[in-house]
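Summary of the model geometry
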Amino acid sequence: MAARLGIAGNTWQRYELSNEPPNSSVLAKLAADGIDTHWLLTGEGAMLHKRNAASGGFSDLPPSRLSDDEMGGGGFVRIPHLRIRTTEDGLRIDDLSLEGALAFKRDWLRTAFGTEPDILLTAEMEGEAMEPTLRDGDLLLVDTSRPRLRGDGIYAFRVQDMLAIRRLQMKLDGSVVISSDNPTAGPTENFNAEDASALNIVGRAIWAGGRF
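Here is a short report on the structure shown in this document. Being a predicted model, the structure only gives us computed values, none of them experimental.

Our focus in this paragraph is the pairing of strand β6 (residues 120-124). In terms of burial, β6 is largely enclosed, as four of its five residues are buried. Here β6 pairs with strand β7 (residues 139-143) via five bridges, running antiparallel. Paired with T122 across the bridge in β7 is L141.

Among soluble globular proteins, nonpolar side chains are generally buried collectively. M125, L134, L140, V142, I154, I165 and V202 are the most contacted members of the largest nonpolar core, which has 15 residues in total. Discounting residues that sit within four places of it in the chain, L140 has contacts with L121, T122, A123, M125, L134, I154, I165, A205, W207 and A208. Formed by 10 residues, the second largest nonpolar core is a distinct cluster that contains L168, A196, L199 and I201.

What follows concerns unusual backbone geometry. In the segment running from E131 into P132, the intervening peptide bond is cis, with an omega of 5°. You can see P132 is positioned in the loop between β6 and β7.

Attention now goes to the environment of A164. Within the secondary structure layout, A164 lies in strand β9 (residues 162-170). Taking the C-alpha atoms as reference points, A164 and M125, 39 residues apart in sequence, are found 8.0 Å from one another. Other than its neighbours up to four places away in sequence, A164 contacts Y155, A156, F157 and V159.

By the alternation rule, side chains of strand β10 (residues 176-179) split into V176 and I178 and V177 and S179, which are all buried. Bridging between β9 and β10 involves four bridges; their strand directions are antiparallel. The residue of β10 that forms the bridge with R167 is S179. Adjacent in sequence and paired antiparallel, β9 and β10 are bridged by five residues, among which G174 carries a positive phi angle near 90°. Here β10 pairs with strand β11 (residues 189-191) via three bridges, running antiparallel. Among the inter-strand pairings, I178 is bridged to a residue of β11, identified as E189.

For Q169, the location among the structural elements is in strand β9. Linking Q169 and Y155, residues 14 residues apart in sequence, is a C-alpha distance of 10.0 Å. Once residues within four sequence positions are removed from consideration, Q169 is found in contact with D152, S175, V176 and V177.

For the structure shown, the criterion picks out four salt bridges. Linking R110 and D107 is a salt bridge whose minimum nitrogen-to-oxygen distance equals 3.9 Å. Of the two residues, R110 and D107 are both situated in helix α6 (residues 106-113); the distance of three residues between them amounts to about one turn of the helix. A relative accessible area of 38% places R110 in the partly exposed class.

Summed over all chains, the structure comprises three aromatic pairs. Between F104 and W207 the ring centres are 5.2 Å apart and the planes differ by 90°, which places this aromatic pair in the edge-to-face class. With F104 in strand β5 (residues 103-105) and W207 in strand β12 (residues 201-209), this residue pair connects regions lying 103 residues apart in the sequence. An angle of 85° between the planes, with centres 5.1 Å apart, marks the rings of W108 and F113 as edge-to-face.

The rules behind these values
- Residues numbered from 1 in each chain as written.
- Predicted model: local features only at pLDDT ≥ 70, side-chain atom pairs only at ≥ 80, totals over all residues.
- Heavy atoms only, no water.
- Buried < 20%, exposed > 50% of the residue type's maximum accessible area, 1.4 Å probe, protein only.
- Helix = DSSP H or I, 4+ residues; strand = E, 2+ residues; numbered from the N terminus.
- Pairing = 2+ DSSP bridges.
- Core = buried A, V, L, I, M, F, W, Y, C linked by side-chain atoms within 4.5 Å.
- Contact = heavy atoms within 4.5 Å.
- Salt bridge = Lys/Arg side-chain N within 4 Å of Asp/Glu carboxyl O.
- Phe/Tyr/Trp six-rings, centres within 6.5 Å; stacked < 30°, edge-to-face > 60°.

See the structure below:
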């Protein structure tokens, strides 16, 4: 669990043995992992909370708010990785983890993108829908700041129990066109203004990296 949360093993052991409450950044990561913080602090209610499209899913993930030590120090920051997993009880959990996270130069993020690390996530492209722009396994840096949908670009968004990465194009009437760069991946989808406003968008991709 300590590795999953990106904290020292003795810190997690101290929480378990002394009943010391976790700090705010650990609580935020536990909440992102599906743990009900009210249960954690009081023992009341259910241990896990459910998330679904109506509650906003990824869009409600809190900023990482990690300390400099947790995120790397020395001018570098580790950006949490986002994926979906399902528990034995069938609950879908938005998993935000520092395990295997990439480190980026803080000053580079500010200069290149004008952004701070606590609004960034990384997500992995799965499948061939965005080839040749993105390939299966490519890693994306995603800006989760509001508004979630802001201009044409490649976005990460939640579709049922999947994280989709596709190209979104905004129209003047508020409608949105969702398409794949790979013409064999499927038809273009059109959402009217009302349906587009309900899209469960994680954020906009601002950088991508992958193997040659």
